[in-house]
Amino acid sequence: MEKHTLAKNEIMATGSILLVLIYVVFFTLFIIIFPIICNNKFLLHIAILANIFALVAISWDLLFGFVGILNLAPAVFYGAGAYTVGFLTKYCHIHPIGGLIIAGCVGLLLSLLLGLPSLRLRGAYYAMATLAFSAVLNTLALGMPNITGGEEGIIGIPSLISGTEWNFYFSSYLVLTCVLALKYMLSTKYGKKLTSIREDEILSQAAGIDTSKYKVIASTIGGVIAGLAGGYSCYYFNNVAPEVFSIAFTFSIITITVTGGIGTIIGPVIGSYLLTFANENLYIIGQYRLLVYSGIIIFVILFSPTGIIGAVKKLKRN
Amino acid sequence: MESKRSLYIMTFLCVLGLILTIFCSSSIVSASDTLKLGVIVPLSGAAAEPGTRMLKAIELAANDVNKAGGVLGKKIELVVWDEEAKVDKALTGAKKLIMQDKVWGFVGGYRTGVSLAIMDVSADEKVLWMITDSVGDQITDKIKENYNKYKYTFRSQSPASDFARNGIPFLTDVVKTKKYFYVSENTQWTKSLGDALSKFATSLGIECVGTVECDPGATEFTSEIEKIRQANPGAVICSLAAAAGPAFARQYTEARINIPIMYCAGIMTFLDVVQGLGDKANYQCTMAWLWDIPVTPKTLDFYKRYTPYYARPGGSEDSRGYDGLMLVAEGIKKAGSFDVDKVVKALESIEYVGVSGKFVFTKDHQPKYGKGFLEPIIVQWLDKKGYVIYPQKLANSTFKLMPSK
Amino acid sequence: MLELKNVSKSFKGLTALLNVSFEVQRGEILGLMGPNGAGKSTLINLMSGFLRPTSGEIIWKGVNIEKLKPYHIVVKGISRTFQQPRVFLNMDIFDNIYVGLLPSNKSGLFKNNNLKERVFEIIKKVSISNAHSTLARDLPHDELRKLEIARAIAADPELLLLDEIVSGLTVEESNEIGEIIRMLNRAGLTIIIIEHVMKFLMNVSQRVVVLDHGEKICEGSPEEISRNPKVLDVYFGKGEEENLA
Amino acid sequence: MLLQILVSGFLLGGIYALMASGLSLILGVMRIVNLTHGLFFTLGAYILFSFIIGTNVNPFIGMFFTIIVLFLIGSFLEWLIIKRIKYSEINMMVLTLALAIAGEEFIRITWGPKYLHIPPLIEGEIRLGHIYMPNQRILACFIGLFMLFLLMFFLKKSKTGKAIRMVQQIPETAALMGINVRAISMVVFGLGVVLAGAAGSLWAPMYITYPAMGWTPLLISFAIVILGGMGSLGGSILGGFLFGFATLLTSMYLSSGLVNVIPFITLFIVLLIRPSGFFGKDIF
């Protein structure tokens, strides 16, 4: 018992800092080396896509995985960010960095807007309401071509950074920063509180945690991240089209998170890389691509419901 | 155990990295003696249907070129990418085709947004981009704005503003009315089509008495048809593409308003679509890009060979897809080399008679339109058979009004 | 120091509590007993803020708390456990208690190790034998109960509400729990125990309040209670007079 | 004019109600957010098409067979996959989504990406002055309502129906009371699929059939189900008719482009006033 105590103490004291250091070193090197070992812009491009998805997936994981808000509209924050940048560039010719920041703010506002009803609406109803909300935005983006450019969206937005490598570095370090920041936050007492809310909301209240406050905090953080991702994607693709609000996008995000492992900030990143690469490299098998893709997902869900991270944990235990 | 778990995760990531490197090593393409052309078309999603048609036509063209001995001794090899009518997918595809397959140029393009996005890639990488089915006028404008950057983009399909003129003969020569009603999706290309149409119309003293813009996915048109009934125009011009088109046609006939209608979108030119509609399509007209009439010496031949190959042609996807690839081949032959800048020069001065008419490019790289170049065809459906009613010199029937019961 | 004044609670017309009033002295162990459906759990939910009384007031150190949210009440010094053992199943023992500690001491975003020390103190106090890194879901029933108490006292409350803490435990286990409770009480903690197991309650508590059908029927020391005919009625079936009537 | 809109709205509402009820049933009884709903909607249309065009039997017999086939498919799917992950609604959501995508691809590969037209089960229409009602629509509406009536009757009266209601209200106890929950959920999923497919096969002859046709109906069904309250058939019917009218009135008096917006906005308002729809109970 005593030695347990000591061991635990050491881990708690040094563990997280050590962990953070390991992460930083490993990933920094990995990111710097990656473009060099494969001088292939196409792979970098896919990696950038994966990064963008990963950001949104992380934000969704924070919402559902940590405070159990079943928000079926990550596409809303993402799309809002993207369209914000679109409008700002089209009508105000704003500097990209400014656009990115404002995109983040819009994400924050929206997350508050969607976060507050979550305290009133329960489970499935909230989920469906958010789903419907994204549908509405999608239709609006389609239905008002004069403002949103309709089906074609807003075209010809200048890049934030030119050059695939630099985009890769930027997006990767964005993901890295988010992951580290969140990982750290979750290892502190705030993280413990969030986790406990996911585990059992009633009990958390009995333990003296102001659950609704933490729910709102988490959802705003998530909103900001997703908003940023949206804004960045708009700069990267040089355009924004109504697809950003599509249900399909929302579900690809959810799929990524579930495949990677819910409630483990790192899981979504892994899931995102895995699925994006799978999806983009399955063109080899032509028309059966989507069949195989969804097959993979079904397989993961059936045989490792806790996602890849869960599987890794199992391996570790046995 | 935290750090232990992270160890696992990182080993996993290392493996992932390994896989990636394997991917790139596998993706190094050995220089081949074929002319690689990337085909960027939607093969799944909402636009899968026209996309597939386009692909078939392009493949047919490639076969023809290869049978005739290829281009400057090189056979054409098509590398297909399914862009799902999504911009990000298309960008991914364009990058992949260039980086991994080292293609010489692109053909295809269905949605205007997609084509515009790929224009940038082709400009950066200096590869030819032959747009075979996007009709938005932004493409023309983009080339006009910055010719030197976007000179690698050509278009074998006519921009909306051009084939909007097809509506005019329908109003003036066929129906002879002064009032028309415009039904469209709320998308960019139908918008520019509508604007151009009304511009020409007003210049001829024809007025547009009303418009409705529907959701592209809409299938329920009762109220739109009621609006038409109220406005009571002399003719209806409809540019509903994809699923909305036939759904509208069906309900239009069911509603029994005897107002002549013509479609400016490809969907209503396909026999299988119309056969499905049965008598629900009777007396409705559609503009066509190709029909079983000898527009050029090549037309009927292509028509015969394409029919068993996929389905009955008549839309823009097939004829313009075929001509698009042919134009690329002709351009290279004319230039006598694979140097893209030379080919661009060659195409700018080319005079090529394709299956859908004579192609001469304007300085904005759009095909010339009108008498002697690309001409409109108007077809009326009657008992699952299309009768050409315009242009007169090729017509095999005359316009019939729906008998009012 | 906690006082209930004519507290009533009714769910959609169905009355669960009717004008219940009693007082808890500092440092005592008060037993709340009564057969199933007597309204014990409703009472505890009212005191811990999970329910609002329909009428009446609950006064804690001279302040009305019946309108406060559960987490405010915890911070004010009233902590509770649940009838069904309720812990954070997917967190280990350490974290369960750690979470319990958090609200009571507000220090910044950075970890402070004295919190850790507190956790291990508490583990010793309630004598949990499993390693602190065991997941709560892997614990045996009695350890769960101990963990619940641990989590509850982690918020260092002045009043502890234990809801059927020994239900489903063997005699030895419940005696052990009883020891822990007495020990906590000696350390100056006021405790309210809710039970329908009479024996345990009589052993542990110093004063007992008996509820039946949402009404307080009597109050007094265990001895008085065990002699009180009303209580006997309640517990050993109503006598013949009912059958005659 | 307005009358025409109202009549068409009513006829549309009938089919919407049928469409939504399947989703509502599965959600209510099995607590599954069933994203394959749109897929089976599409599949119903295609199977009917194959029956009518392939073996040119009487459309109604074709309809009947379609329903049977769908029921079998549904129950089989439940037995094969769905039952294996009851415990997590989000995993279930992802799984059903994956199934929906796979199914759509399957359809595209089997029947091709073309637009198909299914001839109306009954040709012709009824006209009263300016108002016209294509027979197919009248048929669709009334078959829809009839099936809903049958379903309600089944749930109220039959033994299985009672069991289903029991499972819906107190799943835990139901198992204890010797109800074979496994079999029940197979039946329920089958029924849900049948309702979706039937709606599809009635809808298709009015409009047009293509592999991706299911997504809009899925979304509309969700909206209707929330509006009416989950797991309440009455709610679905009410919501269905509300949506029918809302759609047409919007496109008539506002803009055709906004057809899908206004209903959803009304939905929000309803949800904020009544967090669980009109007749709803809380579900997971």
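No experiment lies behind these values; they were computed from the predicted model shown.

Conventions and cut-offs
Residues numbered from 1 in each chain as written. Chains lettered and ligands numbered in written order. Predicted model: local features only at pLDDT ≥ 70, side-chain atom pairs only at ≥ 80, totals over all residues. Heavy atoms only, no water. Helix = DSSP H or I, 4+ residues; strand = E, 2+ residues; numbered from the N terminus. Contact = heavy atoms within 4.5 Å. Areas by Shrake-Rupley, 256 points an atom, 1.4 Å probe, with all protein chains shown as cover. Lys, Arg positive; Asp, Glu negative; His and termini not counted. Charge placed at Lys NZ, Arg CZ, Asp CG, Glu CD. Rg over C-alpha atoms; globule rule 2.2 N^0.38 Å. Buried < 20%, exposed > 50% of the residue type's maximum accessible area, 1.4 Å probe, protein only. Pairing = 2+ DSSP bridges. Axes fitted to C-alpha atoms, helices over the stretch in contact; angles between N-to-C directions. Salt bridge = Lys/Arg side-chain N within 4 Å of Asp/Glu carboxyl O. Polar contact = N/O pair within 3.5 Å; in protein donor to acceptor, adjacent residues only side chain to side chain. Core = buried A, V, L, I, M, F, W, Y, C linked by side-chain atoms within 4.5 Å. Phe/Tyr/Trp six-rings, centres within 6.5 Å; stacked < 30°, edge-to-face > 60°. Lys NZ or Arg CZ within 6 Å of the ring centre and 35° of its normal. Parallel < 35°, antiparallel > 145°, perpendicular 65-115°, else oblique. Left-handed = near helix turned anticlockwise from the far one by under 90°. Nonpolar A, V, L, I, M, F, W, Y, C, P; charged D, E, K, R; others polar. Expected span 1.5 Å × (residues − 1). Patch = residues over 30% accessible without salt bridge, like charges linked within 9 Å, V, L, I, M, F, W, Y side chains within 5 Å.

Visitor: Can you help me understand the overall build of chain C in this one?
Guide: Across its full length, chain C holds 10 helices and 10 strands. Sequence-distant contacts in chain C: of pairs separated by 6 or more residues, those separated by 24 or more amount to 65%. Within the structure as shown, chain C displays about 10,500 Å² of accessible surface, and the carbon and sulfur contribution to it stands at 53%. When the 30 positive and 31 negative side-chain charges of chain C are each reduced to one mean point, those points stand 7 Å apart.

Visitor: Got a minute to help me understand the overall build of chain D in this structure?
Guide: What chain D contains, in helices and strands, is 11 helices and 2 strands. Along chain D, from the amino end to the carboxyl end, the secondary structure elements read α-α-α-α-β-β-α-α-α-α-α-α-α. The C-alpha radius of gyration computed for chain D amounts to 18 Å, which stays within 12% of the reference 19 Å derived for 284 residues, consistent with globular compactness. Here chain D, with 284 residues, has 61% of them falling under the buried criterion. Summing over all exposed atoms, chain D offers an accessible surface of approximately 10,200 Å²; the carbon and sulfur share of this is 75%. Within chain D, the 8 negative side-chain charges are centred at a point lying 9 Å from the centre of the 16 positive side-chain charges.

Visitor: Sorry, what's going on with the sheet that holds strand S14 (residues 385-390) of chain B here?
Guide: Whether parallel or antiparallel, the strands of a sheet pair through hydrogen bonds between backbone atoms. All names here are of chain B. Read across the open sheet, the 7 strands follow the order S7-S6-S8-S9-S10-S13-S14; overall the sheet is mixed. Looking at strand neighbours, the two that pair on one side only are strand S7 (207-214) and S14, the edges of this open sheet. When the angles between neighbouring strand axes are averaged without regard to direction, this sheet yields 25°. The pairing of strand S6 (residues 179-185) with S7 spans 7 bridges and is classified as parallel. Among the inter-strand pairings, valine 183 is bridged to a residue of S7, identified as valine 212. Most of the contacts of helix H11 (residues 244-255) go to strand S9 (residues 261-263), to which it runs at about 170°, and overall it touches S6, strand S8 (235-239) and S9.

Visitor: It is not clear to me how the interface of chain A and chain D should be interpreted in this structure. Could you clarify?
Guide: Often the size quoted for an interface is simply the accessible area lost on bringing the parts together. Listed per partner, the contact involves 36 residues of chain A and 43 residues of chain D. Our enumeration of links across chain A and chain D arrives at 0 salt bridges. Run the count over chain A and chain D and you get 0 residue pairs in polar contact (both at pLDDT 80 or more). Within the residue set of the side of chain A that touches chain D, elements represented by two or more residues are helix H2 (41-67), helix H5 (123-143), helix H11 (247-260) and helix H13 (289-303) of chain A.

Visitor: Mind showing me how you'd approach the nonpolar core here?
Guide: Where a protein is soluble and globular, its nonpolar side chains tend to be buried together. In this structure, Phe106, Phe170, Val183 and Phe248 of chain B are the most contacted members of the largest nonpolar core, which totals 344 residues. Looking at this core element by element, the count peaks at 21 residues for H2 of chain A. If near-sequence neighbours (up to four positions away) are discounted, phenylalanine 106 of chain B is found in contact with Gly38, Ile40, Ala94, Leu97, Ile98, Ile118, Val127, Leu128, Trp129 and Met130 of chain B. Core analysis: the second largest hydrophobic core is formed by 46 residues, Ile97, Val126, Ala150 and Leu189 of chain C among them.

Visitor: Where do I start with the sheet that holds strand S5 (residues 153-155) of chain B in this structure?
Guide: Residues and elements named next belong to chain B. Within the open sheet, the 5 strands sit side by side as S2-S1-S3-S4-S5. Their pairing is parallel. One side of each edge strand has no neighbouring strand; the edge strands of this open sheet are strand S2 (75-82) and S5. Here the average twist between neighbouring strands, direction ignored, is 25°. With 3 bridges connecting them, strand S4 (residues 128-131) and S5 associate as parallel partners. The partner of methionine 130 across the bridge, within S5, is phenylalanine 154.

Visitor: So what exactly am I meant to see when it comes to the pairing of strand S10 (residues 215-220) of chain C here?
Guide: Looking along a regular strand, one sees side chains alternate from face to face of the sheet. Two strands pair when backbone bridges link them, and strand S9 (residues 207-212) of chain C and S10 of chain C are joined in this way by 5 bridges, in the antiparallel orientation. Paired with valine 210 of chain C across the bridge in S10 of chain C is cysteine 218 of chain C.

Visitor: Even after reading the chapter, I still don't get the pairing of S9 of chain C, so can you show me in this structure?
Guide: Residue and element names in this part refer to chain C. Counting buried residues along S9, 6 of its 6 residues qualify, which places the element largely inside the surrounding structure. Side-chain alternation along S9 places Arg207, Val209 and Leu211 on one buried face and Val208, Val210 and Asp212 on a second face that is also buried. Sheet topology places strand S3 (residues 29-33) next to S9; 4 bridges connect them, and they run parallel. Bridge assignment links leucine 30 to a residue of S9, and that residue is arginine 207. Remark: 2 residues form the turn of the hairpin made by S9 and S10, two consecutive strands paired antiparallel; histidine 213 in that turn has positive phi of roughly 45°.

Visitor: Can you help me understand the arrangement of the chains in this one?
Guide: In this structure chain B stays clear of chain C, and the shortest span between their C-alpha atoms is 10 Å. One finds no contact linking chain C with chain D; the least C-alpha distance across the pair is 16 Å.

Visitor: Please clarify how helix H3 (residues 93-101) of chain C should be interpreted in this entry.
Guide: Every α-helical turn comprises 3.6 residues, leaving residues that sit three or four positions apart pointing alike. With 9 of 9 residues buried, H3 of chain C lies mostly within the body of the structure. Those residues of H3 of chain C not exposed but buried are Ile93, Phe94, Asp95, Asn96, Ile97, Tyr98, Val99, Gly100 and Leu101 of chain C.

Visitor: Before we go on, may I ask you to explain the packing of aromatic side chains in this structure?
Guide: To describe a pair of aromatic rings, you give the distance between the ring centres and the angle between the ring planes. Enumeration over the complete set of coordinates arrives at 38 aromatic pairs over all chains. Arranged with centres 5.1 Å apart and planes meeting at 70°, the rings of phenylalanine 154 of chain B and phenylalanine 361 of chain B form a pair that is edge-to-face. Residue phenylalanine 154 of chain B is found in strand S5, and its partner phenylalanine 361 of chain B is found in the loop between strand S12 (357-359) and strand S13 (377-382); the two are separated by 207 residues along the sequence. Each member of the pair, phenylalanine 154 of chain B together with phenylalanine 361 of chain B, is buried. Every member of this aromatic cluster is reached through a ring pair, and the members are Phe26, Phe30, Phe34, Trp166, Phe168 and Tyr169 of chain A. A cation over an aromatic ring shows up here: arginine 198 of chain A above the ring of phenylalanine 66 of chain A, its NZ or CZ 5.2 Å from the ring centre. When the ring centre of phenylalanine 200 of chain B is taken as origin, the NZ or CZ atom of lysine 199 of chain B, which lies over that ring, is 5.0 Å away.

Visitor: Hey, could you run me through the packing of H13 of chain A against helix H4 (residues 89-111) of chain D in this one?
Guide: Helix-helix packing: each pair is described by the crossing angle between the helix axes and the interaxial distance. Two elements in contact, H13 of chain A and H4 of chain D, have axes separated by 9 Å at closest approach and are oriented at 155°. Considering the angle they form, H13 of chain A stands roughly antiparallel to H4 of chain D. Seen from above, H13 of chain A lies across H4 of chain D with left-handed handedness. Each of Leu290, Leu291, Ser294, Ile297, Ile298 and Ile301 of chain A in H13 of chain A lies in contact with H4 of chain D, whose residues at this interface are Asn91, Val94, Leu95, Ala98, Leu99, Ile101, Ala102, Glu105, Phe106 and Ile109 of chain D. Among the residues forming the contact of H13 of chain A with H4 of chain D, the class breakdown is 13 nonpolar, 2 polar and 1 charged.

Visitor: For this particular structure, what's the right way to read H13 of chain A?
Guide: Under the 1.5 Å per step criterion, the end-to-end length of H13 of chain A is 21 Å for 15 residues, consistent within 8% with the ideal 21 Å. Contact partners of the buried residues in H13 of chain A: H11 and helix H12 (266-281) of chain A, S2 of chain B together with H4 of chain D.

Visitor: Just checking my understanding: could you explain the pattern of salt bridges for this structure?
Guide: Once their charged atoms are close, side chains differing in charge can pair, the charge on each being opposite to the other. Residue and element names in this part refer to chain B. All told, the structure shown has 36 salt bridges over all chains when counted by the stated rule. Its salt-bridge partner being lysine 151, residue aspartate 341 comes within 3.6 Å of it at the nearest N-O pair. Taken together, the positions of aspartate 341 in helix H15 (residues 340-348) and lysine 151 in the loop between helix H6 (147-150) and S5 put the pair 190 residues apart, joining distant regions of the chain. For aspartate 341, a relative accessible area of 30% gives the class partly exposed.

Visitor: Is there a simple way to explain a nonpolar patch on the surface in this structure?
Guide: Residues Val24, Val25, Leu29, Ile32, Ile33, Ile36 and Ile37 of chain A make up a contiguous nonpolar surface patch of about 600 Å² in total accessible area. Along the polypeptide, isoleucine 33 of chain A turns up in helix H1 (residues 2-37).

Visitor: Honestly, the environment of glycine 144 of chain D in this entry has me stumped. Any pointers?
Guide: The residue glycine 144 of chain D is located in helix H5 (residues 135-157) in this model. Once residues within four sequence positions are removed from consideration, glycine 144 of chain D is found in contact with Leu18, Leu139 and Leu202 of chain D.

Everything listed here is a matter of coordinates, which is why it stays silent on function.
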